[in-house]
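One-letter residues, chain by chain:
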Protein chains: 2
Amino acid sequence: MRAGPSQDEIRRQNLGALLRYVHMHGATSRAELTTTLGLNRSTIGALTTDLAAAGLVSEGTPKETGRAGRPSLVVRPESARVHAYAYSIEVDRLRAARIGLGGGVLDRRELARPRGITAAEAAPLLARAAREMQQSTPTDAICVGAGVAVCGLVRRDDGLVRLGPTMGWVDEPIGAAIGAELGLDVPVVVGNVADVAAFAEHTRGAATGCDNLIYLYGDVGVGAGIITGGRRLTGHGGYGGEVGHMVVRRDGTRCECGSRGCWETEIGEHGLLRAAGRSDTQGRDAVLAVIDAADRGDAQAQTAVRTAGDWLGFGVANLVNIFNPELVIFGGAMRDLYLAAAAQVRSRLNASALPACVEHVRLRTPALGDDAALIGAAELAFERLLADPLDVS
Amino acid sequence: MRAGPSQDEIRRQNLGALLRYVHMHGATSRAELTTTLGLNRSTIGALTTDLAAAGLVSEGTPKETGRAGRPSLVVRPESARVHAYAYSIEVDRLRAARIGLGGGVLDRRELARPRGITAAEAAPLLARAAREMQQSTPTDAICVGAGVAVCGLVRRDDGLVRLGPTMGWVDEPIGAAIGAELGLDVPVVVGNVADVAAFAEHTRGAATGCDNLIYLYGDVGVGAGIITGGRRLTGHGGYGGEVGHMVVRRDGTRCECGSRGCWETEIGEHGLLRAAGRSDTQGRDAVLAVIDAADRGDAQAQTAVRTAGDWLGFGVANLVNIFNPELVIFGGAMRDLYLAAAAQVRSRLNASALPACVEHVRLRTPALGDDAALIGAAELAFERLLADPLDVS
């Protein structure tokens, strides 16, 4: 129930649409922008002029096209100048990157993260990484904000991490902590890692043009970034997508959330290592070691991988019945598990899900790999710019 | 990535917004429309004139307000004149209604439905009900279409009922069959009963203003109509919301879908009657008889109701973790079960769901009762009118 927009709103919408297009597709000719956005040439010209004056795009002649006639001018995002900081706080590492408008990673840092580090301890490390990267940034650069991906329940309204069970976090204001340490006077937006990775794959990865998808991310815990009808599922408070806590075995193993038999107790790191008889190890390398042992014929590792793969397919079948997605992407350690047990996953999925729901679903690994978390975190920061380009820059 | 709309699109959007407002809220003063829609008085005047000329609204003076000064004119939907036919095809009955713009039920018919009736057999009965109701319709009436609610998987693109396990339907073109029998040259839109009931409760029932909700509908089967971020979840093919086929017990009872241990085998009609030792009975009355027996102290019925209530809470907890809804509504036989076992439902939900996801969730029964299916089916038919009022009327 929304009335039509005012002239001002239309201009803002058009500026945002143009900037979003070059952010997603890179250098684009005025002719293509005219066609794609359904606006006339003079409107495209005026919008481009405004965006260029704000330092967000530049115009130039394209590379030699081989065609006759005067080539259409090309509009490019100012990728080296307009940027966001992106962070990913993971179970075993902290990552920071500087990401340009257009989605390219301009610079990056990675730190090992002792399990158990608090938000207050992590924030200065992350801010220092940003300051290091800032030294090689052009002096006229525009930083539009920072985005943070975390493994946990993030309150939508203020980015408070309500619960990060695998990190031992309860009510950690990581966004505010990083903001204070950064001292850049830009907003710091926090999101769940699966949500932002889904966002990144949807914007410029394996799920472009796909309106109904589930991005499953796992390490110790398992969560999903879900897009339905082209829009991110957040839920009432921002906690939607906690599929790892879907109970699949009432009599199952105790979960860190306090419940029992949660899906992540069967497919997460702990479950796989326990089944492989390697509970004394931990981390992604330990998971990969089990998969490697299974490849080399270790019977216990093989059983562990197959069983976890079967449970992976079991839970995916439930989600396919509930969401009828077009695409399921397996990220983090779920990627490793899926690749090691694709036959079990597909077989359980086909046996368990409704034929109508499963008939068109594709199973995929991320196109952006582990960078999805960083690129998605940056997308969170770019959203404000794309919604109202001239207000932010 | 959408450019701003053209003048024509804005006019259409404004006409739709005004008509939608009076459709949802009934008679509304021009002053309130001006404020609510954020448009100026002359625009509201022009839009109203256009809609009145098309016979969709009328203008008049309001009832005595007691205030001094000239009262603002009131815009009313032409409820008796502009209408849709609505059908609900249920396990045990067929219902038909004529529903006016504004959502009021103007007339209705109900027929018992022998279990096992086909779409081809049902269509003439439903069309006949419409013809009967048509006899008391004003001669200048405008029928904008028909909507049909069915218990089954409905393909979004063309309304084909891919599977209605509780009705024994496979690939039944019920929309086309009703359209041919009606002979009114209006579109017939088909939707899943839980989806349309959720739509109705969201538009004018227990969930108005609530952007994240799950409407759980059950009889023999169980499905959900899900609204996230204010929009209906349909999924890629239209089959989203098949929560009844979320497997909750790998070793559970065989389900009509071919899988095992689906949620509906524990909370649906068959599971409850089986647990109560009454598998020789069927239908809503049989379910109510079990609940009544439990009320009167029958131990086996009490155990059956409590166990089913516990499983109801179990599945709702999974959905609450996945969707983080603000509201869960229990419709059909799920309403009866929820009311009989609310303590078990809430207790299992609280024990099983993540505190952050469950903290704001409200559990409710439908405000529109069993009419939600009919009203929601009519909303499907009204959608086309509201999207482009002058094109349809």
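Residues numbered from 1 in each chain as written. Chains lettered and ligands numbered in written order. Predicted model: local features only at pLDDT ≥ 70, side-chain atom pairs only at ≥ 80, totals over all residues. Heavy atoms only, no water.

An unreviewed UniProt entry lists chain A under the name ROK family protein, from Salinispora tropica.

Another aspect to go through is the packing of helix α6 (residues 193-204) of chain A against helix α14 (residues 371-387) of chain A. Residues and elements named next belong to chain A. The geometry of α6 relative to α14 is characterised by a closest axis approach of 7 Å and an angle of 85° between their N-to-C directions. Overall, the two elements α6 and α14 adopt an arrangement that is roughly perpendicular. Together, V193, V196, A197, F199, A200, E201, T203 and R204 of α6 and A372, A373, I375, G376, A377, E379, L380 and E383 of α14 make up the contact between the two elements. Broken down by class, the residue content of the contact of α6 with α14 amounts to 10 nonpolar, two polar and four charged. (Axes fitted to C-alpha atoms, helices over the stretch in contact; angles between N-to-C directions. Helix = DSSP H or I, 4+ residues; strand = E, 2+ residues; numbered from the N terminus. Parallel < 35°, antiparallel > 145°, perpendicular 65-115°, else oblique. Contact = heavy atoms within 4.5 Å. Nonpolar A, V, L, I, M, F, W, Y, C, P; charged D, E, K, R; others polar.)

Next up on the list: the sheet that holds strand β3 (residues 74-77) of chain B. Across a sheet, paired strands are connected by hydrogen bonds in the backbone, their directions being either parallel or antiparallel. Residues and elements named next belong to chain B. Strands sit in the order β1-β3-β2 across an open sheet of three strands; the sheet is antiparallel. Each end of this open sheet is capped by a strand with a single partner; those strands are β1 (28-29) and β2 (57-60). As judged from the two bridges shared by β1 and β3, these two strands associate in the antiparallel manner. In the strand pairing of β3, S29 is matched with V74. (Pairing = 2+ DSSP bridges.)

Chain A puts 59 residues into the contact, and the matching count from chain B is 59 residues. Summing both partners gives a buried area of about 4800 Å² for chain A against chain B, and 59% of it is carried by carbon and sulfur. Counting across the interface, chain A meets chain B through four salt bridges. Note that R162 of chain A is salt-bridged to E359 of chain B, the shortest N-O span being 2.7 Å. (Buried area = accessible area lost by both parts, 1.4 Å probe. Salt bridge = Lys/Arg side-chain N within 4 Å of Asp/Glu carboxyl O.)

Relative to the helices and strands, L288 of chain A is located in helix α9 (residues 284-295). Spatially, the C-alpha atoms of L288 of chain A and D336 of chain A are 7.2 Å apart, while their sequence positions differ by 48 residues.

In many reports, interface size means the accessible area that the parts give up when they come together. Residue and element names in this part refer to chain A. Domain parsing of chain A yields domain 1 (7-77), domain 2 (83-197 + 371-392) and domain 3 (207-364). Computed over C-alpha atoms, the centres of domain 2 and domain 3 are 26 Å apart. Every contact between the two is made by 21 residues of domain 2 and, on the other side, 23 residues of domain 3. Carbon and sulfur atoms make up 53% of the area that domain 2 and domain 3 hide from each other, which totals about 1700 Å². Among the residues domain 2 hides against domain 3, the three largest losses belong to R115, R156 and D195. Together they make up 31% of the total. Elements with a contribution of two residues or more to the side of domain 2 that touches domain 3: β8 (153-154), α6 and α14. Sorting elements by how many residues they give to the side of domain 2 that touches domain 3 places α6 first, with four residues. A per-class count over the side of domain 2 that touches domain 3 returns 10 nonpolar, three polar and eight charged. (Domains from an automatic or database assignment.)

Residue and element names in this part refer to chain A. A positive phi angle is found at D171, which is not glycine, with a value near 50°. Within the fold, D171 resides in strand β10 (residues 169-172). Here D171 falls in the partly exposed class, since its relative accessible area comes to 40%. (Buried < 20%, exposed > 50% of the residue type's maximum accessible area, 1.4 Å probe, protein only.)

Here we take up helix α12 (residues 342-352) of chain B. All names here are of chain B. Within the sequence span of α12, burial applies to V345, L349 and S352. Buried residues of α12 fall within an arc of 80° about the axis and therefore sit on the same side. Tucked inside the fold, the buried residues of α12 contact α10 (299-323), β15 (327-332), α11 (333-340), α13 (355-358) and β16 (362-364). (Arc of directions from axis to C-beta.)

On to the relation of the copies chain A and chain B. The two chain copies are connected by a rotation around an axis plus a translation along it. Expressed as a screw operation, the relation of chain A to chain B combines 0.0 Å of axial shift with a rotation of 180°, fitting to an RMSD of 0.0 Å. What the rotation and shift describe, once combined, is the action of a two-fold rotation axis. Scanning chain A for the C-alpha nearest the rotation axis identifies V248 of chain A, at a separation of 3.0 Å. Same-surface contact between copies: 100% of interface residues of chain A are shared with the interface of chain B. (Least-squares fit on C-alpha atoms with pLDDT ≥ 70 in both.)

A side chain of one charge can pair with a side chain of the opposite charge if their charged atoms are brought near each other. Residues and elements named next belong to chain A. The tally for this structure, following the rule as stated, stands at 53 salt bridges over all chains. The residue D388 makes a salt bridge to R12 at a minimum N-O spacing of 3.7 Å. Separated by 376 residues along the polypeptide, D388 in the loop between α14 and α15 (389-392) and R12 in helix α1 (residues 7-25) bring together distant segments of the chain. Assessed through its relative accessible area of 34%, R12 is described here as partly exposed. In this structure, the salt-bridge partner of R296 is D292, at a minimum N-O distance of 3.3 Å. Of the residues examined, R296 reaches a relative accessible area of 62% and is grouped as exposed.

All names here are of chain A. Ordered in space as β14-β13-β12-β15-β16, the five strands form an open sheet in which the pairing is mixed. Each edge of the open sheet is held by one strand with a lone partner, namely β14 (231-232) and β16 (362-364). In the sheet, strand β13 (residues 222-228) pairs with β14 via two bridges, with the strands oriented antiparallel. The residue bridging I227 from the neighbouring strand is R232, located in β14.

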